[in-house]
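Residues per chain, in single letters:
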Amino acid sequence: MKRVARDNEASARRVTRRALLLTGGMAAMFAALGARMRYLGVEQADQFRLLAEENRISIRLVPPTRGVIHDRNGKILAENEQNYRVVMTREDAGDVEAVLNRLSHVIPLTRADIDDALAALKKNSSFVPITVKDRLNWEEFSRVALNAPALPGVTPETGMSRIYPRDADFAHVLGYVGPVSEKDLEGVENPDPVLQIPKFQIGKIGVERWLEDTLRGTAGTKRIEVNHIGRVMRELDRVEGDPGSDVHLTIDAGIQNFIQARLGEESASCVVMDVTNGDIIAAVSSPSFDPNLFVRGISSTNFRYLMDHDHRPMANKSVQGAYPPGSTFKMVTALAALEEGMITPETTFRCPGYLESGGRKFHCWRHGGHGTVDLERSLSESCDVYYYEVALKVGIDKIAEMGRRLGLGMRHDLPMSAIAEGNMPDKAWKMERHQAEWRIGDTVNASIGQGYVLASPLQLAVMTARLATGRAVNPRLVRAIEGREIPVEPAEPLGLSTSNLTAVLGGMDAVMNGKSGTARSSRVVAEDMRMAGKTGTAQVRNISAAERASGVISNDQLPWNRRDHALFVGYAPYDNPRYAVSVVVEHGGGGSTAAAPIARDALLRTLYGAVPPLDAYPTDQRGRMDSLLSTLVLRDEEGRYPGPSET
């Protein structure tokens, strides 16, 4: 009995302990439920009251801030400005056309604006907001905010928009941004979600396009609360994306602006290059255009004007233009023959004004000829017959090989649009391209940069830099990304004979400083800035035998588009090369009169770091240069043009 009693007592104790545990667990659970109910009913009452009114949470992308583009000295070339805009979400708007019509009474909206918005709303998912109108002023922005209850699905927002403070100076280098198009998305398997945002802008041409991934950044997100009529109640939280990387170019904004002003309204281009590291200091194409027009939406009238203009302001002539290099090519022909041992600097040829070969006469630019000519004189006076004779000795294949060695006939890798490859022809090229044999006349024409030979101003600047240094200098346009300098690979030697290079460079010095040099009038008298170069004139029309017999018509008597192109290449200082320059003036006439003076001023501006002093010019030119330089309207250090009272 005692044993049974003890068992019952132990069992009772176990039951009591279990009951206590269950009771404690239930008490804890009720306490937790009570705390949760208090949290939901008291602390979160406002939020759930809104949700009870059919509010909901929407997650939207936050476009990243585009990276800023600077010149080599940190001056801003492309930045972002605050932009007030109105966006609309279809699933929150209900009758979108009715809402848009109401909105048109609040801010100016044309029928075209409404139609564009309807098309965008229809095209995109119902939850994707589309931009109805941007670049609102503060008053318009405020009116939309005040009328928000009557405009379901419509939200006034602030964002950032691209702006180019130096407008036309860098249009061809930077390009511009514009809304993402279907063409932009072609072939992209997994496009960045931010590209789906209607009217999100990306680079279209130039640096903006080719460095798009660097400049764009990554999108952020925001959670917003909207009520049952689509009105945004509040922003719950925001996760900022990563802004695009800032980029520093090699170009100097001051030099770029000076050259742009110096070219004026000419259809021309100029490239200035640092021969020590390949930095492009200036790449100017004239006339230019304002890229801000494309960001804001260019009118059909303005667009038609740019496209129909005979000077082609939309073309980037500095890298896109491919021209017969004319006599600026003669150093290539000379070096090919010197390196092959076909001639020496002392070798002479007689120039009677023409060369007769294969039953044809190939004329020199000087009707009566130059007489007996050696290498230096052939360059300084630009004798054509000398190069006809040299080319027939060395052959086109060796000339083409030298041209490529000096950077011609190849596409240089820069983040710019439509970079021309040019053309450095040889026998195999003609057979492949034209299914025809190479002829003697082709070699004669190529020897003076005519015929099939084509080069861009960029390539001519590279050629000149390689001649000046004897090294395979490569051009570059980007100096740093996000503050990190891009390393420069040392240029390899070209393997050319020093004595041969010295002879050719001596001829280029004589062009500028010799008594009979074709560019003597564009010489620099400051000895530490002594300049060497070569003029060129490229024909754009055939001259008939009858015209030669009666006298070749001068350029100024021809329509503008039938005149010769004017070219010049050069470098300075002669004894310690630092900068190379190339200039092409379309239909400018002679290289000595149209291109060489521009090249001299561009080099002097680069060397001095300011508007060139008058004592750098020959004494008899200082009055004229004072007048010319004083009429150039240049930007100040802040990038602004002077006001009317300062001009």
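This text follows the structure it describes.
So, here's what we can say about the structure.

Parameters at a glance
- Residues numbered from 1 in each chain as written.
- Predicted model: local features only at pLDDT ≥ 70, side-chain atom pairs only at ≥ 80, totals over all residues.
- Heavy atoms only, no water.
- Pairing = 2+ DSSP bridges.
- Helix = DSSP H or I, 4+ residues; strand = E, 2+ residues; numbered from the N terminus.
- Axes fitted to C-alpha atoms, helices over the stretch in contact; angles between N-to-C directions.
- Contact = heavy atoms within 4.5 Å.
- Disulfide = S-S within 2.5 Å.
- Buried < 20%, exposed > 50% of the residue type's maximum accessible area, 1.4 Å probe, protein only.
- Patch = residues over 30% accessible without salt bridge, like charges linked within 9 Å, V, L, I, M, F, W, Y side chains within 5 Å.
- Areas by Shrake-Rupley, 256 points an atom, 1.4 Å probe, with all protein chains shown as cover.
- Salt bridge = Lys/Arg side-chain N within 4 Å of Asp/Glu carboxyl O.
- Core = buried A, V, L, I, M, F, W, Y, C linked by side-chain atoms within 4.5 Å.

### Quick word on the sheet that holds strand E20 (residues 565-572)
Strand order in the open sheet formed by 5 strands is E12-E11-E21-E20-E19, with antiparallel pairing between adjacent strands. The sheet is open, and its two borders are formed by strand E12 (280-286) and strand E19 (532-538), each paired with just one other strand. Neighbour-to-neighbour, the strand axes of this sheet turn through a mean angle of 5 degrees, independent of strand direction. Against the sheet, helix H11 (residues 253-263) touches strand E11 (268-274) and E12, its axis set at about 30 degrees to E12. The strands touched by helix H24 (residues 591-608) are E11, E12, E19, E20 and strand E21 (579-585); relative to E21, the strand with the most contacts, the crossing angle is about 145 degrees.

### Regarding the state of the cysteines
One pass over the structure, following the stated rule, counts 0 disulfides. Cysteine Cys351 remains unbridged, with the sulfur of Cys383 as its closest cysteine sulfur at 3.6 Å. We classify Cys351 as buried; its relative accessible area is 3%.

### Focus on the pairing of E19
Counting buried residues in E19 gives 6 out of 7 residues, a clear majority hidden from the surface. Note: E19 against E20, 7 bridges, orientation antiparallel. Residue pairing for E20: Ala538 is matched across the bridge by His565.

### Quick look at a nonpolar patch on the surface
Together, Met26, Met29, Phe30 and Leu33 line one region of the surface with nonpolar side chains, adding up to about 420 Å² of accessible area. Turning to its location among the elements, Leu33 is positioned in helix H1 (residues 2-43).

### Here's the deal with the side chain of His370
Tracing the backbone shows His370 in the loop between strand E15 (360-363) and strand E16 (371-373). Residue His370 is classed as buried on the basis of its relative accessible area, which comes to 5%. In this structure His370 touches Cys351, Cys364, Trp365, Arg377, Glu381, Ser382 and Cys383, once residues within four positions along its chain are discounted.

### Side note on the nonpolar core
In terms of nonpolar packing, the biggest core is built from 132 residues, with Leu249 and Ile259 touching the most fellow members. When near neighbours in sequence (up to four residues on either side) are disregarded, Leu249 contacts Ile69, His70, Asp71, Arg72, Leu77, Val173, Leu174, Val207, Leu477, Val478 and Arg479. Counting residues in each nonpolar core, the second largest holds 21 residues, with Tyr84, Val132, Leu136 and Val144 among its members.

### Here we look at the pattern of salt bridges
Applying the stated criterion across every chain, the model contains 31 salt bridges. Glu81 is the partner of Arg135 in a salt bridge, and the nearest nitrogen-oxygen pair spans 2.9 Å. Separated by 54 residues along the polypeptide, Arg135 in strand E4 (residues 130-136) and Glu81 in strand E3 (residues 76-88) bring together distant segments of the chain. Exposure remark for Arg135: the relative accessible area of 27% places this residue in the partly exposed category. The exposure class of Glu81 is partly exposed, given its relative accessible area of 26%. Close ionic contact of Glu208 with Arg162 constitutes a salt bridge, the shortest N to O distance being 2.9 Å. Of this pair, Glu208 sits in helix H9 (residues 206-210) while Arg162 sits in strand E5 (residues 154-163), placing them 46 residues apart in sequence. The class of Glu208 is buried, set by a relative accessible area of 0%. What you see here is one network of salt bridges that share partners, running through Arg66, Arg162, Asp192, Glu208, Glu212, Asp213 and Arg216.

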